[in-house]
Amino acid sequence: MEQRLRDLPLRIDAIVERVEDATVPDPIADRLRDLGFVSGEPVRLVARGPLGGDPLVVQIGYTRFALRRAEAARVFVRMAA
Amino acid sequence: MSALAMQVALVGNPNCGKTALFNRLTGSRQKVANYAGVTVERKAGVVRTPSGRSVQLLDLPGAYSLAATSPDEAITRDICLGQMAGEARPDLLVCVADATNLRLHLRFVLEVRALGLPMVLALNMCDAAAKRGIVIDRARLERELGVPVVETIAVRADGAAALLRQIDGPLPPLPAATAPADLHAEVRRLLALAVTVPRRTGEVDDALDRWALHPVFGLALLAVVMFLIFQAVFSWSAPLQDGIDAGVTALADYLKSVLPDNTLRSLLVDGMLVGTGSVVVFLPQILLLFLFILVLEESGYLPRAAFLLDRLMVGAGLTGRSFIPLLSSFACAVPGIMAARTIQDPRDRLATILVAPLMTCSARLPVYALLIGAFIPEQTIAGIFNLQGLVLFALYVAGIVSALLVAYAMKLIRSDSIEHALLLELPSYRVPHVTDVMIGLWERASVFLKRVGGIILTLTVLLWFLSTYPTAPADFAGPAIDYSYAGRIGKALEAVFAPIGFNWQICIALIPGLAAREVAVSSLATVYAVSATGDAAAGQLLPLIAAQWSLATALSLIVWYVFAPQCVSTLAVIRRETRSWKIVGIATFYLFALAYGASFLTFRIVSALT
């Protein structure tokens, strides 16, 4: 089932489906793709920020990134089987 | 090849260990400056190859992609494309990739390979990769990429030997210039062929991040780290500062005893020596703070702190990345404003620069110490707290809170619908390397001294002139400084500052205080020492003002110091970093307005109550 990365439970393995452009053009979505958020990449949420669960720490490939919820909302994932 | 030395450039993702490799290759033979027209740091150095050739090495800013989204990345792109005015296109690119993070870094390697320049791939941190059980088939990767691949360990003295040999040899042939249509697919293919990774993450990182990023423990840890830093910065630097102070005083006394009493001596001793001393005395504190920041930076903790504080900062119109510049500003706003370069978003960067002067810098401490000592009784509150300490703490909090409020007001004024991204990489934890920390410390210290030293020296000489000339005639009844330009300006200013309770002595002291805030203390001493009827010495200033000033005046002056842009160096650095006099004007105006307003309220309220 496809869902947004920002709604993923903590430390659950998932696979990136796609990154959706929020605007046209969307430099943030482009940068997310450059950073490795592309279809088929394994991804998981590592931590949520102490205030309101924002920002998120995301493990993509071998790398950890802090993303704000609005950034992570562009990423759609599917839970790993 | 031309007679000019070969130009080699290091390119790579942020956090690939590029700068450590650069340090290893160039040692102390490096020059840090800015690229023409922008505030991006340019690091260049000379490398001696085994055969004795000199090679010019350029450490390009880290980039995730050549599709640049920040000034740093634009510089890297332009230099690689040979489109940067005043910079030669490199003869050879050394693309640096972290061997533990090839999934991300190889994509950029492929982008760089398509540039059509001779290149070498340096697989950095091979020791860390081996420790994590990552096996890389170097020969296979070399074959598939079509460029030479060497292994490097930037933290080891001989870790760059293979790279040096490669640079020393003939230029590698141009790589096939075509970029694959899908870079990510190509990266996956390369990884499948040449790299075995037992585990996607480092076990150490996982374990540490469980605690460091935890909503409760993470914040508690951050608070402890900050507390320890402040404790160390203020208590460890005290003896060093006393030593410098004593040294400057001794030197001044010595010069006064050997030089004839004339204008030149006064300029040398009262102007230049004392002026330089007032800068150098803060060096221990600033260096210690830099040291801690560098260690935290090298260890990989700082981006985690930025993550923890991001939401709070965003609420106030800043960003988690503002944390480091604002932390530096507690030592001095000058390095803090310079550190704002690490914030890519222009709006966030500007907001950070504008509020950095509100952080309580160490130059305010002597002023606070004098006023608190004179006017706040030493008594214990609730059994454990010292009232004087509480007031000092409140002044720090006042600075932080007003910075958040000002940033918030700016956010409201310049409300824009553009989204400002965080996209912050949290690199693997690393044990900081002594050499790299020392080189970083040396760089920051020399940049600080260059920026501040010149300005303060010029200003102290100017202010020395203002407070020395014109010399009072022999029959002039009042104190000499009264007759000088500074005295006249101070008296004229009294009309402006009387509503907030400042007398003319304070007004005079505010003028030399423009060079460096703490100079106001010695200026007050001068004003009172020469104007008092008795032979009141500088050391007796404290009881003197305690007797002569009202509590309202003292508190008003303290509040003034929380806000007032009483530091020309800060304004000069804002100008340098933003390249805009308009921003300097805005900063000066809003800080003065805040200072005047807050002091006015303080003076009126306290006057009414006492």
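The text that follows walks through the structure, step by step, so that each part is easy to find. Note that this is a predicted model, so its numbers are computed, not measured. (Residues numbered from 1 in each chain as written. Chains lettered and ligands numbered in written order. Predicted model: local features only at pLDDT ≥ 70, side-chain atom pairs only at ≥ 80, totals over all residues. Heavy atoms only, no water.)

1. A closer look at a nonpolar patch on the surface
Together, B:Ile381, B:Ile384, B:Phe385 and B:Leu390 give the surface a local cluster of nonpolar side chains, amounting to about 360 Å² of exposed area. Within the element layout of this structure, B:Phe385 appears in strand S11 (residues 385-386). (Patch = residues over 30% accessible without salt bridge, like charges linked within 9 Å, V, L, I, M, F, W, Y side chains within 5 Å. Areas by Shrake-Rupley, 256 points an atom, 1.4 Å probe, with all protein chains shown as cover. Salt bridge = Lys/Arg side-chain N within 4 Å of Asp/Glu carboxyl O. Helix = DSSP H or I, 4+ residues; strand = E, 2+ residues; numbered from the N terminus.)

2. Things to note about the interface of chain A and chain B
Interfaces are frequently sized by the accessible area removed from exposure as the parts join. Across the contact, 38 residues belong to chain A and 40 residues belong to chain B. For the pair chain A and chain B, the two sides together bury roughly 3,400 Å², of which 58% comes from carbon and sulfur. Between chain A and chain B we count 7 salt bridges in total. Across the pair B:Arg107 and A:Asp34 runs a salt bridge, and its minimum N-O distance is 3.6 Å. One can count 20 residue pairs in polar contact (both at pLDDT 80 or more) joining chain A with chain B. Residue assignment for the side of chain A that touches chain B shows that the elements contributing at least two residues are helix H1 (27-34), strand S3 (42-51), strand S4 (54-60), strand S5 (63-67) and helix H2 (69-72) of chain A. A per-element tally of the side of chain A that touches chain B places S3(A) first, with 8 residues. Each residue belonging to the side of chain A that touches chain B can be placed in one class, and the counts come to 19 nonpolar, 7 polar and 12 charged. Inspection of the sheet shows S5(A) paired to strand S12 (residues 424-426) of chain B by 3 bridges, in the antiparallel sense. (Contact = heavy atoms within 4.5 Å. Buried area = accessible area lost by both parts, 1.4 Å probe. Polar contact = N/O pair within 3.5 Å; in protein donor to acceptor, adjacent residues only side chain to side chain. Nonpolar A, V, L, I, M, F, W, Y, C, P; charged D, E, K, R; others polar. Pairing = 2+ DSSP bridges.)

3. Quick look at helix H11 (residues 283-299) of chain B
Residue and element names in this part refer to chain B. In this model, H11 (17 residues) spans 24 Å end to end at C-alpha, consistent with the 24 Å of a helix rising 1.5 Å per residue. Buried residues of H11: Leu-283, Pro-284, Gln-285, Ile-286, Leu-288, Leu-289, Phe-290, Ile-293, Leu-294, Leu-296 and Ser-299, and no others. Gly-300 sits one or two positions beyond H11 and adopts a positive phi of about 95 degrees. (Expected span 1.5 Å × (residues − 1). Buried < 20%, exposed > 50% of the residue type's maximum accessible area, 1.4 Å probe, protein only.)

4. Considerations on the nonpolar core
All names here are of chain B. If you look at the biggest cluster of nonpolar residues, it comprises 113 residues, and the most contacted ones within it are Phe-323, Val-355, Phe-502, Ile-545, Trp-549, Leu-557 and Trp-560. Other than its neighbours up to four places away in sequence, Trp-560 contacts Phe-497, Ile-500, Phe-502, Leu-510, Gln-566, Phe-592, Ala-595, Tyr-596 and Ser-599. Within the second largest apolar cluster, 44 residues are counted, among which are Ala-9, Tyr-35, Leu-115 and Leu-183. (Core = buried A, V, L, I, M, F, W, Y, C linked by side-chain atoms within 4.5 Å.)

5. Some words on the environment of B:Tyr485
All names here are of chain B. Within the fold, Tyr-485 resides in helix H20 (residues 485-497). With relative accessibility at 36%, the residue Tyr-485 sits in the partly exposed group. Separated by 183 residues in sequence, Tyr-485 and Leu-302 have C-alpha atoms that sit 48 Å apart. Setting aside residues up to four positions removed in sequence, Tyr-485 forms contacts with Phe-465, Leu-466, Tyr-469 and Pro-470.

6. Some thoughts on the packing of aromatic side chains
Residue and element names in this part refer to chain B. By the definition in use, this model includes 12 aromatic pairs over all chains. Between the aromatic rings of Trp-211 and Phe-217, the centroid separation amounts to 5.0 Å while the plane-to-plane angle is 65 degrees, which identifies the pairing as edge-to-face. An angle of 80 degrees between the planes, with centres 5.7 Å apart, marks the rings of Phe-502 and Trp-560 as edge-to-face. Linking Phe-502 in the loop between H20 and helix H21 (504-510) with Trp-560 in helix H24 (residues 551-563), this pair joins segments that are 58 residues apart in sequence. Put simply, the rings of Phe-497, Phe-502, Trp-560, Phe-592 and Tyr-596 touch in pairs and so form one group of aromatic residues. (Phe/Tyr/Trp six-rings, centres within 6.5 Å; stacked < 30°, edge-to-face > 60°.)

7. Focus: the pattern of salt bridges
In total, this model carries 37 salt bridges over all chains according to the counting rule given. In this structure, the salt-bridge partner of A:Arg18 is A:Glu20, at a minimum N-O distance of 3.2 Å. Judged by relative accessible area, which is 34%, A:Glu20 ranks as partly exposed. Between B:Arg341 and B:Glu41 there is a salt bridge, with its nearest N and O atoms 3.8 Å apart. Of this pair, B:Arg341 sits in the loop between helix H14 (333-339) and helix H15 (346-355) while B:Glu41 sits in strand S3 (residues 41-48), and the two are 300 residues apart along the sequence. Using a relative accessible area of 38% as the deciding quantity, one classes B:Glu41 as partly exposed. Salt bridges here are not isolated pairs; linked through shared partners, they connect A:Arg31, A:Asp34, B:Glu73, B:Arg107 and B:Glu111.

8. Some details on the packing of helix H16 (residues 365-375) of chain B against H24(B)
All names here are of chain B. Viewed as axis vectors pointing N to C, H16 and H24 meet at an angle of 160 degrees, and their least axial separation amounts to 10 Å. When the axes of H16 and H24 are compared, the pair comes out roughly antiparallel. H24 is crossed by H16, and the crossing has left-handed handedness. Residue-level inspection shows Val-367, Tyr-368, Leu-371, Ile-372 and Phe-375 of H16 in contact with H24, the latter providing Leu-551, Ala-554, Leu-557, Ile-558, Tyr-561 and Val-562. Tallied by class, the residues present in the contact of H16 with H24 amount to 11 nonpolar, no polar and no charged. (Axes fitted to C-alpha atoms, helices over the stretch in contact; angles between N-to-C directions. Parallel < 35°, antiparallel > 145°, perpendicular 65-115°, else oblique. Left-handed = near helix turned anticlockwise from the far one by under 90°.)

9. Re the sheet that holds strand S2 (residues 14-19) of chain A
Across the sheet, which stays open at both edges, the 7 strands sit in the order S1(A)-S6(A)-S2(A)-S3(A)-S4(A)-S5(A)-S12(B) with antiparallel pairing between neighbours. Because the sheet does not close on itself, it has two edges, and the strands there are strand S1 (2-4) of chain A together with S12 of chain B. Across the sheet, the mean angle separating the axes of adjacent strands is 40 degrees when strand polarity is ignored. As defined by bridge partners, S2(A) adjoins strand S6 (residues 75-79) of chain A across 5 bridges and the pair is classed as antiparallel. Looking at S6(A), one finds that A:Val16 is bridged to A:Val77.

10. Concerning unusual backbone geometry
In this structure, A:Pro25 follows A:Val24 across a cis peptide bond, with omega equal to -10 degrees. Note on placement: A:Pro25 falls in the loop between S2 and H1. Note the cis peptide between A:Asp54 and A:Pro55, where omega equals -5 degrees. Within the element layout of this structure, A:Pro55 appears in strand S4. Phi is positive for B:Asn15, which is not a glycine, with a value near 65 degrees. Along the polypeptide, B:Asn15 turns up in the loop between strand S1 (6-12) and helix H1 (18-26). Phi is positive for B:Met125, close to 60 degrees, though the residue is something other than glycine.

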